[in-house]
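The primary structure of each chain is shown beneath.
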Amino acid sequence: VQLQASGGGLVQAGGSRRLSCAASGRTFSSYVMGWFRQAPGKEREFVAAINWSGGSTYYADSVKGRFTISRDNAKNTVYLQMNSLKPEDTAVYYCAARLRWYNLGDPTKYDYWGQGTQVTVSS
């Protein structure tokens, strides 16, 4: 599967942004989808994951209550709605795909990655 992330940009602290990740290739609904982020000089960090149907989600503590992951299998797209953004949310955001629902926070368990989209939150 090929992934294309979009929607990044510059946003003020307290603002909102929605990221999208469009998938092409093999059956999108067969994949667990995740979002990760990486700030300069830091390791790639798990943000959120959603299961095949969209019925289950999982979030990092740092974004819980502020970010929402969702998917539209008819459009082969996964979304990350980010609200109440903070400067520390500044990073390149990546979408990723895998087949199984376990160890969701481990980036090495994901098989496919998008190219990343930059989100910058100004204070």
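What counts and how
Residues numbered from 1 in each chain as written. Predicted model: local features only at pLDDT ≥ 70, side-chain atom pairs only at ≥ 80, totals over all residues. Heavy atoms only, no water. Pairing = 2+ DSSP bridges. Helix = DSSP H or I, 4+ residues; strand = E, 2+ residues; numbered from the N terminus. Axes fitted to C-alpha atoms, helices over the stretch in contact; angles between N-to-C directions. Buried < 20%, exposed > 50% of the residue type's maximum accessible area, 1.4 Å probe, protein only. Lys, Arg positive; Asp, Glu negative; His and termini not counted. Salt bridge = Lys/Arg side-chain N within 4 Å of Asp/Glu carboxyl O. Polar contact = N/O pair within 3.5 Å; in protein donor to acceptor, adjacent residues only side chain to side chain.

Re the sheet that holds strand β8 (residues 77-82)
Move 1: One open sheet holds the four strands; their spatial order is β1-β3-β8-β7, and the pairing between them is antiparallel. The strands lining the two open edges of the sheet, one partner per strand, are β1 (2-6) and β7 (67-72). For this sheet the average axis-to-axis angle between neighbouring strands, irrespective of direction, equals 15°.
Move 2: As judged from the five bridges shared by β1 and strand β3 (residues 17-24), these two strands associate in the antiparallel manner. Residue Ala5 lies in a different strand from β3, and its bridge partner there is Cys21.

Let's talk about the side chain of Arg71
Move 1: Tracing the backbone through its elements, the reader meets Arg71 in strand β7.
Move 2: Of the side chains with opposite charge, Asp72 comes closest to the buried, unpaired Arg71, at an N-O distance of 8.3 Å.
Move 3: Within the local environment of Arg71, its side chain forms a polar contact with the backbone oxygen of Tyr31, the two atoms lying 2.8 Å apart.
Move 4: Polar side-chain contacts of Arg71 include one of 3.4 Å to the backbone oxygen of Trp52.

Coordinates in, geometry out; function isn't part of it.
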